[in-house]
Amino acid sequence: MQNNLYFAPPAKNEQVLSYKIGSPERKHLILAIEHAKSKVVDIPMIIDGKEVWSEKKIEIHPPHDHQHLLGFYNRGDESNVSEAIDAALAARENWASLSWKQRASIFLKAAGMISGPYRARINAATMLGQSKSVHQAEIDAACELADFLRFNVQYMAEIYNEQPDSDELIWNRIEQRALEGFVFALTPFNFTAIAGNLPSAPALMGNTVVWKPSNTQIYSATIIMEIFMEAGLPDGVINLVFVSGPVAGKVIFSHRDFAGIHFTGSTVVFQSIWKEIGNNISKYRSYPRIVGETGGKNFVLAHESSNAKQVATALTRGAFEYQGQKCSAASRAYIPDNMWDKVLSEIKCDMDTMKMGSVEDMSNFINAVIDEASFDKLSSFIDRAKKDKDVEIIYGGNYDSSVGYFIEPTIILTKDPHYLSMEEELFGPILTIYIYDHTKFEETVKLVDSTSIYALTGSIFSKDRYIIEYVMKELEHAAGNFYINDKPTGAVVNQQPFGGARGSGTNDKAGSKLNLLRWISPRTIKECFLPPESYKYPFMEGEEGEFSG
Ligand code: NAD
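This is a predicted model, so every value here is computed, not measured.

Below, the discussion takes up a nonpolar patch on the surface. On the surface, a nonpolar cluster with roughly 430 Å² of combined accessible area is contributed by Leu169, Trp171, Phe529 and Leu530. Among the secondary structure elements, Phe529 is positioned in the segment after β23 (520-528). Residue Phe529 is classed as partly exposed on the basis of its relative accessible area of 40%.

Right, dumping it as structure tokens:
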């Protein structure tokens, strides 16, 4: 029975659990970690709802313990990408015409499973596979993913509810069609929630999807897929393939029915994708939607009126949580010379107590970086910094990959505000600080604005409202997520919709209505109840000779 106007259950943010010693959630989590470590899984691709295996089995190891084998994933090839596209196109018509309430129910059920019976398992997988601490896994895999799913349902209902004006003889409607074709979700390693949101947001709006996760996130991606299927997602709506990015791109970007890409990852990859789509533009049925959230070089700017302890905490948490592998991580800071000593002594208190090691020892604040390639890139940068005259490493600078890919949280002081690590994203636990002359605050603000190509997140610390107002105006385009007296990380769905501009992406704000608007194509319908029956308008009925001249 469809003859009702339904309202989706109101969404609210999932509560972040504490995992204190003795808490039930901690006990469940420890059991889930032990269970995951006790077996070796063999993870298939999922195409048209079926498990797909291949000859190529790729090992999966925890980044903090690379001798332990968690399992294998089955690596596919171009033929699997083509099969995934075919399955998505075959499922499209039924899925796009299914009532929105049914689509909503599937993803609301998935949210309930994530925050309930699957919580420990998806957190354990994120901790083991991506080396996240329990708190980082909880705010990502359990809470943010459930929030994305629940709030997107609410936004979808709001979008469908927004209708144009009509009058007694004309009924205007807007019908929000799914895109004509399939959507490609290309997801990064660093957030389980983003990996789940990128395919599910377009699917919720009636699209069918080919999803290629990062190779280093497959261990938790497979649980997301299992949840979606268990929640009732029909076959072919989301198809999960494990291939290299270029292999997926080669097949997808030359397909006539490619309707859009939902990407999160590095700027360089996004730019290469955009070029490829541009080169193929005449092949497509429609102009593909290109949505990409990419890199950052996020700043913390402290004014002399700020509180040194608060600035120091913003730096240590903002730069080093999840080993600096958050797109929003603070990686460049500007501290006035007249408060540097105080900030440094507060930083010292934090750095001296910060522990690094396995995620299973929950007293560790720092775990491993994602893989060997990242370890090599970061360690060679540190080696270079050790030799550069313009910089001084004041904390960290050591690394060790004998057990896991561990890079010590590292703080660099630079005299050159354009030093490489003030401009380029390194994506690791490395913070570069430039100490500025406090009498040159305005020049420093200009420097913050013009130093890097990115504009993702940034913070101003000050007690002075004139300064805050000034900085907000001057740095209007320097960050898509701007923080006042807070670290630049930790955006929450429906509270701080997330995304940046300039080199940081298309700013389509994941976790907001704006993002969902990219996955629909409105059809405006005008219905006339009493259509005119003559071409003549009333003004044409004036008398002849009305004008004297
Ligand atoms: P990445 O760009 O290396 O990979 C992202 C995805 O693209 C992966 O699935 C990867 O396999 C695929 N890929 C890689 N090369 C490709 C190619 N040539 N063609 C097609 N696909 C390709 O990014 P990552 O290392 O997984 O994630 C870290 C990056 O993501 C950082 O730059 C970070 O700032 C960014 N990020 C941004 C946000 C945001 O919201 N702005 C959020 C999370 C991560």
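Near the ligand there are 24 residues, and of these Thr187, Ser266, Thr294, Cys327 and Glu425 occur at the shortest range. Within the backbone of Thr294, a nitrogen or oxygen atom sits 2.7 Å from a nitrogen atom of the ligand. The fraction of the free accessible surface of the ligand (850 Å²) that becomes covered by protein chains is 84%. If you list the elements that add at least two residues to the shell around the ligand, you get α8 (245-252) and β10 (258-264). Across the shell around the ligand, the residue classes tally to 12 nonpolar, nine polar and three charged.

Relative to the helices and strands, Tyr466 resides in helix α15 (residues 465-474). Judged by its relative accessible area of 73%, Tyr466 is exposed. Sequence separation between Tyr466 and Gly503 is 37 residues; the distance between their C-alpha atoms is 29 Å.

An order of β14-β17-β18-β13-β12-β20-β21 is seen for the seven strands of this open sheet, with the pairing classed as mixed. In the strand order of this sheet, the two ends are held by β14 (391-395) and β21 (481-484), each with one partner. Pairs of neighbouring strands in the sheet enclose a mean axial angle of 20°, with direction left out of account. As paired elements, strand β13 (residues 330-336) and strand β18 (residues 430-436) share five bridges and run parallel to each other. Each bridged residue has a counterpart across the sheet, and for Ile335 the counterpart in β18 is Ile435. Each of β12 (298-302), β20 (457-461) and β21 touches α15; the most contacted strand, β21, lies at about 170° to it.

A few words on the packing of aromatic side chains. Considering all chains together, one arrives at 17 aromatic pairs under this definition. With centroids separated by 5.4 Å and ring planes inclined at 65°, the aromatic side chains of Phe258 and Tyr284 adopt a geometry described as edge-to-face. Of this pair, Phe258 sits in strand β10 while Tyr284 sits in the loop between α9 (267-279) and β11 (289-293); the two residues are 26 residues apart in sequence, bridging distant segments of the chain. Consider the rings of Phe375 and Tyr399, whose centres lie 5.8 Å apart with planes at 85°: the pair is edge-to-face. Here the residue Phe375 occupies a position in helix α12 (residues 372-387), and Tyr399 occupies one in strand β15 (residues 399-400), the gap between them amounting to 24 residues. Exposure remark for Tyr399: the relative accessible area of 32% places this residue in the partly exposed category. Clustering of aromatic rings is evident, with ring pairs tying together Phe182, Phe184, Phe253, Phe258 and Tyr284. It is Lys132 that lies over the ring of Phe191; its NZ or CZ is 3.9 Å from the centre. In this structure, Lys132 packs its charged tip against the face of Tyr322, placed 4.4 Å from the ring centre.

What follows is about the domain arrangement of the chain. Domains assigned within the chain are domain 1 (24-294 + 505-522) and domain 2 (298-494). Each of domain 1 and domain 2 was reduced to a C-alpha centroid, and the two centroids are 30 Å apart. Contacts between the two partners involve 32 residues from domain 1, matched on the other side by 32 residues from domain 2. For the pairing of domain 1 and domain 2, the buried interface totals around 2,600 Å² over both sides, and the portion due to carbon and sulfur atoms is 62%. When residues of domain 1 are sorted by the area they lose upon contact with domain 2, His64, His66 and Phe189 head the list and together hold 22% of the total. Lys37 is paired through a salt bridge with Glu360; the nearest N and O atoms lie 2.9 Å apart. On inspection of domain 1 and its partner domain 2, the count reaches 14 residue pairs in polar contact (both at pLDDT 80 or more).

All right, on to helix α11 (residues 340-353) then. The terminal C-alpha atoms of α11, which comprises 14 residues, lie 20 Å apart, in line with the 20 Å expected from a rise of 1.5 Å per residue. Buried within α11 we find Trp340, Val343, Ile347 and Met351. End-on view of α11: buried residues confined to an arc of 65°, all on one side of the axis. Facing away from the buried side of α11 by more than 90 degrees, the exposed set consists of Asp341, Lys342 and Thr353. Against the buried residues of α11 lie α10 (308-320), β13, β14, β17 (410-414) and β18.

For the rest of this paragraph, the subject is the packing of helix α3 (residues 100-115) against helix α6 (residues 192-204). The packing of two helices is summarised by the inter-axis angle and the distance between the axes. Packing of α3 against α6 leaves a shortest axis separation of 10 Å and a crossing angle of 155°. In this view, α3 runs roughly antiparallel relative to α6, as classed from their interaxial angle. Residues Arg103, Ala104 and Phe107 of α3 pack against Ser200, Ala203 and Leu204 of α6.

Across residues other than glycine, the phi torsion is negative in most instances, and most of the peptide bonds are trans. A positive phi angle, close to 70°, is found at Asn494, a residue other than glycine. Asn494 sits in the partly exposed class, given a relative accessible area of 36%. The phi angle at Lys509 is positive, at roughly 45°, despite the residue not being glycine. Its relative accessible area of 12% is what places Lys509 among the buried residues.

Here we take up the environment of Leu70. Position of Leu70 among the secondary structure elements: in the loop between β4 (56-60) and β5 (71-75). Leu70 gets classed as buried once you look at its relative accessible area, which sits at 0%. When the C-alpha positions of Leu70 and Ala125 are compared, they lie 9.7 Å apart, and in sequence the two are 55 residues distant. Discounting chain neighbours no more than four positions away, the residues touching Leu70 are Lys39, Val40, Val41, Ile60, His61, Pro62, Leu128, Gly129 and Tyr219.

Attention now moves to the sheet that holds β4. What the three strands build is an open sheet, ordered β1-β5-β4; its pairing is mixed. Each end of this open sheet is capped by a strand with a single partner; those strands are β1 (41-43) and β4. The sheet shows a mean angle of 25° between the axes of neighbouring strands, direction not considered. The pairing of β1 with β5 spans three bridges and is parallel.

The rules behind each value
Residues numbered from 1 in each chain as written. Predicted model: local features only at pLDDT ≥ 70, side-chain atom pairs only at ≥ 80, totals over all residues. Heavy atoms only, no water. Patch = residues over 30% accessible without salt bridge, like charges linked within 9 Å, V, L, I, M, F, W, Y side chains within 5 Å. Areas by Shrake-Rupley, 256 points an atom, 1.4 Å probe, with all protein chains shown as cover. Salt bridge = Lys/Arg side-chain N within 4 Å of Asp/Glu carboxyl O. Helix = DSSP H or I, 4+ residues; strand = E, 2+ residues; numbered from the N terminus. Buried < 20%, exposed > 50% of the residue type's maximum accessible area, 1.4 Å probe, protein only. Near = heavy atom within 4 Å. Polar contact = N/O pair within 3.5 Å; in protein donor to acceptor, adjacent residues only side chain to side chain. Nonpolar A, V, L, I, M, F, W, Y, C, P; charged D, E, K, R; others polar. Pairing = 2+ DSSP bridges. Axes fitted to C-alpha atoms, helices over the stretch in contact; angles between N-to-C directions. Contact = heavy atoms within 4.5 Å. Phe/Tyr/Trp six-rings, centres within 6.5 Å; stacked < 30°, edge-to-face > 60°. Lys NZ or Arg CZ within 6 Å of the ring centre and 35° of its normal. Domains from an automatic or database assignment. Buried area = accessible area lost by both parts, 1.4 Å probe. Expected span 1.5 Å × (residues − 1). Arc of directions from axis to C-beta. Parallel < 35°, antiparallel > 145°, perpendicular 65-115°, else oblique.

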